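If you want the building blocks of each chain, they are given just below.
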Amino acid sequence: MATQCYDPENSASHYTFLPDQPDSGHRKSLKIISGIFLSVFLLLSVAFFPILNNQSPDLQIDSRSPAPPSRGVSQGVSDKTFRDVAGASHVSYAWSNAMLSWQRTAYHFQPQKNWMNDPNGPLYHKGWYHLFYQYNPDSAIWGNITWGHAVSKDLIHWLYLPFAMVPDQWYDINGVWTGSATILPDGQIMMLYTGDTDDYVQVQNLAYPANLSDPLLLDWVKYKGNPVLVPPPGIGVKDFRDPTTAWTGPQNGQWLLTIGSKIGKAGIALVYETSNFTSFKLLDGVLHAVPGTGMWECVDFYPVSTKKTNGLDTSYNGPGVKHVLKASLDGNKQDHYAIGTYDLAKNKWTPDNPELDCGIGLRLDYGKYYASKTFYDPKKERRVLWGWIGETDSESADLQKGWASVQSIPRTVLYDNKTGTHLLQWPVEEIESLRVGDPIVKEVDLQPGSIELLRVDSAAELDIEVSFEVDKVALQGIIEEDHVGFSCSTSGGAASRGILGPFGVIVIADQTLSELTPVYFYISKGADGRAETHFCADQTRSSEAPGVGKQVYGSSVPVLDGEKHSMRLLVDHSIVESFAQGGRTVITSRIYPTKAVDGAARLFVFNNATGASVTASVKIWSIESANIRSFPLQDL
């Protein structure tokens, strides 16, 4: 392996190739002498360099606090406390106010303060998009879950509204949990949500707007006959939650909806029918079940067109339609989906490919992303997806900064008719309204082992589109045998070099590359002997702070004949949303840099392959902040 020295003072970006260094198995500090007249530089820790052993004076390795208690598990929901994979989540770090302030995003939706989790009941009503969300009005940690409420004209600029619902009844006193909206043909809105009762039983409740003529839907009424559903026989009292949007059944006036649960270790989707949303009947069997996947939370079920490029209303069915079943797996905190066929008469959904069944196959997002929910947008005839981006730092840091979690940029969802196996997720087009001026356009020839700085005004708020053309001779040549079965998560990150990768973009890096987050492609040999492309995001050196998530995320991504390797990255301070091949594979990264903050963040493209040159065609837009604020009180 050859390494390079990048000179941050030299705008021409020279590289000095160095011989391999002995590997002691521990982190090292390396010094190199670059010529007679040059001073000593630290060898930089880019993805393909040995990791430096730099320690900030703010680091307090010996200062430990007790591990935070579990949040939510005793009530039968996912643990809302981040458990660092290295077991060091209780190692403290002296975060400065500047670092914590920088982490707050500029154009992702988040409350003014305190804790937020699942998106709830998104809908479009009288010119406004409505987002409800799980919220703790008292603290930056999970608890006292209330429904926050915000509205927008464009899914980008938001106005905070008063709480929609608070835990004030026996059937939801321990939490107004996740729910979904169903809009009836007459315009009435039925909001079904899970409540945690005074005895910690999960039940389903009905709420509806007090005044449908109000575009802001400020007041909500809880049905006096709540709860409308309780756990059926054979289902645990803490295993019954998160009702979906309802769809029309085969009989006139009939509505169907599904609720997540489990039997033993099998995740299941129960189906209920109703004609009035106040009385329900459990249908025989289940919509679908997958052994070994555990509790299914936040189930979503909706149609996608195999022929058109528009979204479909939840009740749409017929020729040219597939149905997506998505479940958030309580056991591993991942959102899985599968594409299949729905038999309305038999109330059965069947996956197209059993090997890609829900919970064992594809994921909506391979990073920090959970509890997602879609809705049909009648204004633009599209299906829009939301997801919760949680924290991977300590609770003490969240309490210090005063907030926790954000929502993803809304994404459109379409069926990928080129592969027939994947969904395509893409940021809603409105995000482009935040682009500032013309893009920076550049074509970069990246030889094996090279890296180049891309000069931008601010590397903290960017919309980046890059396509990579790999040397055809190398691509058609021998695929290395020793990387059969390559996996992003176990590969060692961008430091693992191969003939055809990694190559990609480095975001939120400091000038010396002691902190960096590479997002990249890696081409290896698949089980069938053909080239297989992987899309990865490496957080192992995203922060010098201990006790924050530093995983390598990613998965394989289909790259079809004639396609270049393409990615789009939305960079927003501590959030990076990465989309490969038009959204076939998506990764959300949550990062907590200590050096690459404020004006210190840098952007690079790189090629760490050993045997292939790559040409990168880059477009970079600076992104301005979204206008997210309180609705003027005098207008309420």
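Structure: see above.
This write-up is about the structure you can find in this document.

Conventions we followed
Residues numbered from 1 in each chain as written. Predicted model: local features only at pLDDT ≥ 70, side-chain atom pairs only at ≥ 80, totals over all residues. Heavy atoms only, no water. 1 Å grid on protein atoms, 1.4 Å probe; cavity = no way out; pocket = protein on both sides within 12 Å on 5 of 7 lines; lining within 4 Å. Points joined across faces, edges and corners; volume = space filled by probe spheres on them. Helix = DSSP H or I, 4+ residues; strand = E, 2+ residues; numbered from the N terminus. Domains from an automatic or database assignment. Phe/Tyr/Trp six-rings, centres within 6.5 Å; stacked < 30°, edge-to-face > 60°. Buried < 20%, exposed > 50% of the residue type's maximum accessible area, 1.4 Å probe, protein only. Lys NZ or Arg CZ within 6 Å of the ring centre and 35° of its normal. Contact = heavy atoms within 4.5 Å. Polar contact = N/O pair within 3.5 Å; in protein donor to acceptor, adjacent residues only side chain to side chain. Pairing = 2+ DSSP bridges. Salt bridge = Lys/Arg side-chain N within 4 Å of Asp/Glu carboxyl O. Axes fitted to C-alpha atoms, helices over the stretch in contact; angles between N-to-C directions. Nonpolar A, V, L, I, M, F, W, Y, C, P; charged D, E, K, R; others polar.

**A word on the layout of surface pockets**
Considering only enclosed or pocket space, the largest pocket measures out at about 980 Å³ in volume. Surrounding the largest pocket, 33 residues form its lining, Ala531, Glu532, Thr533, Val559 and Leu560 being those nearest its centre. Those elements that place two or more of their residues in the lining of the largest pocket are β33 (461–470), α3 (472–475), β36 (531–538) and β37 (552–556). When residues of the lining of the largest pocket are assigned to domains, at least three map to each of domain 1 (118–429) and domain 2 (435–622). Reported here for the second largest pocket is a volume of approximately 670 Å³. Lining the second largest pocket are 35 residues; nearest its centre among them are Phe82, Asn332, Lys333, Lys368 and Thr392. By residue number, the principal contributor to the lining of the second largest pocket is β37, which donates three residues.

**Considerations on the packing of aromatic side chains**
Applying the stated criterion to the full structure yields 28 aromatic pairs. Judged by centre distance (5.1 Å) and plane angle (85°), the ring pair of Phe301 and Tyr342 falls under edge-to-face. Remark: Tyr342 occurs in strand β22 (residues 334–343) and Phe301 occurs in strand β20 (residues 296–305); sequence separation between them is 41 residues. Judged by its relative accessible area of 7%, Tyr342 falls in the buried class. Connected via pairs of aromatic rings, a cluster forms that spans Phe109, Tyr133, Tyr135, Trp158, Tyr160, Phe163 and Trp386. Taking NZ or CZ as reference, Arg104 lies 5.7 Å from the ring centre of Trp403, over its face.

**Concerning the environment of Gln112**
You can see Gln112 is positioned in the loop between α1 (97–103) and β7 (114–125). Residues Gln112 and Gly402, 290 residues apart in the sequence, show an inter-C-alpha distance of 9.1 Å. In contact with Gln112, other than residues within four places in its own chain, are Arg104, Tyr160 and Ser630. A polar contact is formed between the side chain of Gln112 and the side chain of Ser630, at a distance of 3.0 Å.

**Some details on the pairing of β7**
A large share of β7 lies buried, amounting to twelve of its twelve residues. Here β7 runs beside strand β27 (residues 403–404); their pairing, made up of two bridges, is parallel. The partner of Trp115 across the bridge, within β27, is Ala404. Across seven bridges, the pairing between β7 and strand β8 (residues 128–136) is antiparallel. In the strand pairing of β8, Trp115 is matched with Asn136. Between β7 and β8, which follow one another and run antiparallel, lie two residues, and Lys126 among them has a positive phi close to 50°.

**Structural notes on the pattern of salt bridges**
Enumeration over the complete set of coordinates arrives at 26 salt bridges. Between Asp172 and Lys222 there is a salt bridge, and its shortest N-O distance comes to 2.6 Å. Linking Asp172 in the loop between β10 (158–165) and β11 (176–183) with Lys222 in strand β14 (residues 220–222), this pair joins segments that are 50 residues apart in sequence. Judged by relative accessible area, which is 0%, Asp172 ranks as buried. Lys442 is the salt-bridge partner of Glu452, the closest N and O atoms lying 2.9 Å from each other. One end of the pair, Glu452, is in strand β32 (residues 450–454); the other, Lys442, is in strand β31 (residues 435–446), with ten residues separating them in the sequence. Overall, Glu452 belongs to the partly exposed group, its relative accessible area being 22%. Beyond isolated ion pairs, a larger network of salt bridges with shared partners links Asp377, Lys380, Arg382, Glu429 and Glu430.

**A word on the sheet that holds strand β39 (residues 575–580)**
One open sheet holds the six strands; their spatial order is β31-β42-β33-β38-β39-β40, and the pairing between them is antiparallel. Each edge of the sheet is formed by a strand with only one pairing partner; in this case those strands are β31 and β40 (585–590). Between one strand and the next, the sheet's axes are offset by a mean angle of 15°, whatever the strand orientation. Taken together, the nine bridges between β31 and strand β42 (residues 614–623) define a ladder with antiparallel strand orientation. Along β42, the bridge assignment pairs Val436 with Ser622.

**As for empty space enclosed by the protein**
For the structure shown, the criterion picks out four cavities of 30 Å³ or more. The volume enclosed by the largest cavity comes to roughly 100 Å³. What lines the largest cavity is simply Val77, Lys80, Asn117, Asp118, Gln134, Trp142, Trp177, Thr178, Arg241, Asp242, Glu297 and Cys298. Of the residues belonging to the lining of the largest cavity, the class tally is four nonpolar, three polar and five charged.

On their own, these measurements won't tell you what the molecule is for.
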